[in-house]
Amino acid sequence: MNLLPKSSKEFGSVDYWEKFFQQRGKKAFEWYGSYLDLCGVLHKYIKAKDKVLVVGCGNSELSEQLYDVGYQDIVNIDISEVVIKQMKERNASRRPQMSFQQMDMTKMEFPDASFQVVLDKGTLDAILTDEEEKTLEKVDKMLAEVGRVLQVGGRYLCISLAQAHILKKIVGYFSKEGWMVRVHQVTSSQNPSSEAEPQFSLPVFAFIMTKFRPVSGSALQILELCAQEQGKPVRLENTERLAEAVRERQRYAWLRSQLNRKTGPGSVSLDLCDGSTGEPRYTLHVVDSPAVKLSRDNHFAIFIIPQGRETEWLFGMEEGRKQLAASAGFRRLITVALHRDQQYQGMDSIQAELSGKVMELAPPGLPAQQQVPFLSVGGDIGVRTIQHRDRSSLSGDYVIEDVQGDDRRYFRRLIFLSNRNVVQSEARLLTDTPHRAQKKRKKDKKKLQPDDTAENPPVPAGQPIDKSFLCCEHHKAMIAGLALLKNPEKLPEAPLALLVVGLGGGSLPLFIHDHFLKSHIDAVEIDPSMLEVATHWFGFTQSDRMKVHIADGLDYITNLAKGGIEQLHYDVIMFDVDSKDPTVGMSCPPPAFVDHAFLQDVQRILTPEGVFILNLVCRDSGLKDSVLAGLKKVFPLLYVRQIEGEVNEILFCQLQPEHKLATPELLEMAQALERTLRKPGNGFDSTYVLADMLKTVKIV
């Protein structure tokens, strides 16, 4: 039997409700939950001695159940004559003190200040179906009547789905009247997978409006939110913030409803915030692996990412998390990243804090009483120490932090907080490996262990940098590109001229300076704060062979290109500069750096046999094709090297296509350069193999 209206406007029609209750008969219809769902919040705000008015009572059992537990001074009204007759017949003998009256709530017949409580379960939602003038006039009359019949200090309890137009109206109306507005989210007692009626994808809220005595000239607004029925209220500064807080909970409820379907959304993410500050505390990524064959014990697991490792491909990229979920062997895996600036006591406390919330995201079909494992890497939560924080006028807020890697070595990182999951610069610290690192590494998939960070104390701020070690794979590939120059075996002793645009922590130009002993390097950096960061935190120093120019790279190169026959020429030009514009599908370099006219300027200051090396990070495939085509017009010989597990691609650009090298020749030249760099006393990193960086190079 279809009882739903053809249009939401019919909810405000007397005829609709008469027909509804005739068709429905005597079977109770519970809008927005049963007594069990609502009793927690109702008992909090209704006293047994209160005189209660229930508006739009329908044939709900709510009044009856309140009466049966001691709330006996209850008056019920409804616009439908049919339902009032039904309810009188149903309660005449069993609940003699409870009354039912047919009445229009916009024109109530009660004297002023007759009630301590007005209870409304879905009635406002049924009337406020749109924001047309006629509807709003009707709602204003209803709310004015509610205010009239309530005593000062009385409460209007409105149970609602809090859709945007309803939230706007009810909060706006009563806050202007000087009433206190408090909102509770109602927790349903229903099993989400049950077929009980009705089912709503939006959560149910209880609005508690408390009538205050009017104060002339007062503009005070008291707006509060309780995330749980019995939770502590949080004061919010304005109606906009209250509305946003409600919307956040509605989005979360929608997400839960999607995750509870057999064919879930696949991969979703959300932040869990500190209840007292509102700051993000955990970032959760929910990853489903439909291909995993289900058994009793592999429905669901939680994976805690150690602090500082959330930027790694396996944890920080969607494809990486899919691989992690598949290898873990669970149908649904939730990865949990821990936020900087938050304090964590250890694995046990994290598990206790998260257990209730993550179970709300459990997959459908999870066996009852199923123990959900918390997995981790090595059994601890990692080490993250923020050494410095500051603000750059160009790059915004940033932090310098030391983190512990998988091999128990420590790394220093520069992070721009505008893009907090991207490592801007990284260097390995020269520190003794703790004794624990000598022990056999435990498997990644591991049961929860107590926190052991006390055994891994943070390194001092002044710990020296390992300048021989390149942390970034794209920096390693850029160095390998030097093998494209003539006579690579002689390069470490050759008077190379290099231009590096984009300083960051200075690791790239510093490595070149220390391993190519007769090179001269000009580093160009637009942000003076970065030179200070590189110098104080990453061991960078200038010398007679390495100078930093605080300038816009575009202007610096354009001005050099205008120098005519006496202009400076470079054997190598490197671009490793990020874009500050997040709206562009290319985060490195900024689009102006691959403009045709500018690329011609780059070509003018490059020696004929030199190499232009560019770090390209572009997620827009169409834009990337355009960039490659533009580069090819200026640099006829173009090699591309994709960085595995990352978006970065390193482009090696040269001017003479007749010097094109096949892969075996490239590897031979890289090996020749590496042999010279590995000579005793050079301090070359033993794990760095230049030829490996060029194995997958392709010619465009």
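One structure accompanies this document, and this report is about it. Just so it is clear, the structure is predicted and the values come from calculations on it, not from any experiment.

Conventions and cut-offs
Residues numbered from 1 in each chain as written. Predicted model: local features only at pLDDT ≥ 70, side-chain atom pairs only at ≥ 80, totals over all residues. Heavy atoms only, no water. Helix = DSSP H or I, 4+ residues; strand = E, 2+ residues; numbered from the N terminus. Contact = heavy atoms within 4.5 Å. Areas by Shrake-Rupley, 256 points an atom, 1.4 Å probe, with all protein chains shown as cover. Core = buried A, V, L, I, M, F, W, Y, C linked by side-chain atoms within 4.5 Å. Buried < 20%, exposed > 50% of the residue type's maximum accessible area, 1.4 Å probe, protein only. Pairing = 2+ DSSP bridges. 1 Å grid on protein atoms, 1.4 Å probe; cavity = no way out; pocket = protein on both sides within 12 Å on 5 of 7 lines; lining within 4 Å. Points joined across faces, edges and corners; volume = space filled by probe spheres on them. Nonpolar A, V, L, I, M, F, W, Y, C, P; charged D, E, K, R; others polar. Salt bridge = Lys/Arg side-chain N within 4 Å of Asp/Glu carboxyl O. Arc of directions from axis to C-beta. Lys, Arg positive; Asp, Glu negative; His and termini not counted. Polar contact = N/O pair within 3.5 Å; in protein donor to acceptor, adjacent residues only side chain to side chain. Axes fitted to C-alpha atoms, helices over the stretch in contact; angles between N-to-C directions.

1. Some words on the overall build of the protein chain
Then step 1. Looking only at helices and strands, the protein chain features 19 helices and 27 strands.
Then step 2. Put simply, 70% of the contacts in the protein chain that link residues at least 6 apart link residues at least 24 apart.
Then step 3. Here the protein chain has roughly 32,700 Å² of accessible surface; of this, 51% comes from carbon and sulfur atoms.

2. Things to note about the environment of Leu-333
Then step 1. Relative to the helices and strands, Leu-333 resides in strand S13 (residues 332-338).
Then step 2. Not counting chain neighbours up to four residues away, the residues in contact with Leu-333 comprise His-285, Val-286, Val-287, Ala-301, Ile-302, Phe-303, Leu-324, Ala-325 and Leu-375.

3. A look at the nonpolar core
Then step 1. Grouped together as the largest cluster of nonpolar side chains are 50 residues, with contacts concentrated most on Met-574, Phe-652 and Tyr-688.
Then step 2. Here this core gets six residues from one element, more than from any other, and that element is helix H18 (residues 663-677).
Then step 3. Discounting residues that sit within four places of it in the chain, Tyr-688 has contacts with Leu-470, Lys-476, Ile-479, Ala-480, Phe-511, Glu-674, Arg-678 and Met-693.
Then step 4. In this structure, Val-139, Val-149, Phe-207 and Ala-243 belong to the second largest nonpolar core, which totals 41 residues.

4. Examining the pairing of strand S25 (residues 637-642)
For a regular strand, the rule is simple: side chains alternate between the two faces of the sheet.
Then step 1. Across the six residues of S25, five count as buried, placing the element largely inside the fold.
Then step 2. Sheet topology places S25 next to strand S26 (residues 649-654); six bridges connect them, and they run antiparallel. In the strand pairing of S26, Arg-641 is matched with Ile-650.
Then step 3. Counted along the chain from S25 to the antiparallel partner S26, the turn is six residues long, and its residue Gly-645 has a positive phi close to 75°.

5. Concerning empty space enclosed by the protein
Then step 1. Enumeration over the complete set of coordinates arrives at two cavities of 30 Å³ or more.
Then step 2. In this structure, the largest cavity spans a volume of roughly 70 Å³.
Then step 3. As for the largest cavity, its lining consists of 10 residues, of which Pro-306, Arg-309, Asp-380, Gly-405 and Arg-408 are closest to the centre.
Then step 4. A class-by-class count of the residues in the lining of the largest cavity yields two nonpolar, three polar and five charged.
Then step 5. In this structure, the second largest cavity occupies an estimated 60 Å³ of space.

6. Regarding the environment of Met-669
Then step 1. On the secondary structure map, Met-669 appears in helix H18.
Then step 2. Taking the C-alpha atoms as reference points, Met-669 and Glu-489, 180 residues apart in sequence, are found 7.7 Å from one another.
Then step 3. Not counting residues within four places of it along the chain, the set of residues in contact with Met-669 comprises Ala-483, Leu-484, Leu-485, Pro-488 and Leu-661.

7. Re the pattern of salt bridges
Then step 1. Under the criterion given, the structure shown has 32 salt bridges.
Then step 2. A salt bridge links Arg-90 to Glu-64, with the shortest nitrogen-to-oxygen separation between them at 2.8 Å. You can see Arg-90 sitting in helix H4 (residues 81-91) and its partner Glu-64 sitting in helix H3 (residues 62-68), a full 26 residues away along the chain.
Then step 3. With relative accessibility at 25%, the residue Arg-90 sits in the partly exposed group.
Then step 4. Residue Glu-64 is classed as buried on the basis of its relative accessible area of 6%.
Then step 5. Where Glu-318 meets Lys-322, a salt bridge forms, and the shortest distance between an N and an O atom there is 3.6 Å.

8. Let's talk about helix H15 (residues 553-561)
Then step 1. By the burial criterion, the buried members of H15 are Gly-553, Leu-554, Tyr-556, Ile-557, Leu-560 and Ala-561. The buried residues of H15 occupy one face: seen down the axis, they fall within an arc of 165°.
Then step 2. As for H15, its buried residues are in contact with strand S19 (497-501), strand S20 (520-525), strand S21 (546-550), strand S22 (570-575) and helix H16 (596-604).

9. A few points about the side chain of Asp-37
Then step 1. Secondary-structure assignment places Asp-37 in helix H2 (residues 35-45).
Then step 2. Of the side chains with opposite charge, Lys-121 comes closest to the buried, unpaired Asp-37, at an N-O distance of 7.6 Å.
Then step 3. For Asp-37, the side chain forms a polar contact with the main-chain nitrogen of Ser-34, separated by 2.9 Å.

10. Remarks on the sheet that holds strand S4 (residues 115-121)
Then step 1. Reading across the sheet, the nine strands line up as S3-S2-S1-S4-S5-S7-S6-S8-S9 and stay open at both edges, with mixed pairing between neighbours. One side of each edge strand has no neighbouring strand; the edge strands of this open sheet are strand S3 (99-102) and strand S9 (234-236). Within this sheet the neighbouring strands show an average axis-to-axis angle of 20°, counted without direction.
Then step 2. Of the pairings in the sheet, the one linking strand S1 (residues 52-55) to S4 comprises four bridges and is parallel in character. Residue pairing for S4: Val-52 is matched across the bridge by Val-117.
Then step 3. Across the sheet, helix H7 (residues 164-176) is in contact with strand S5 (150-160), strand S6 (180-186), strand S7 (204-210) and strand S8 (222-226); its angle to S7 comes to roughly 15°.

11. Some remarks on the pairing of strand S15 (residues 384-392)
Then step 1. The pairing of S15 with strand S16 (residues 396-404) spans eight bridges and is classified as antiparallel. Within S16, the residue paired with His-388 across the bridge is Ile-400.

12. Remarks on the side chain of Ser-425
Then step 1. Of note, Ser-425 is situated in strand S18 (residues 425-428).
Then step 2. Overall, the relative accessible area of 8% leaves Ser-425 in the buried class.
Then step 3. One polar contact links the side chain of Ser-425 to the main-chain amide nitrogen of Gly-505, over a distance of 2.8 Å.
Then step 4. If sequence neighbours within four positions are ignored, Ser-425 has contacts with Arg-412, Arg-413, Leu-414, Gly-504, Gly-505 and Phe-538.

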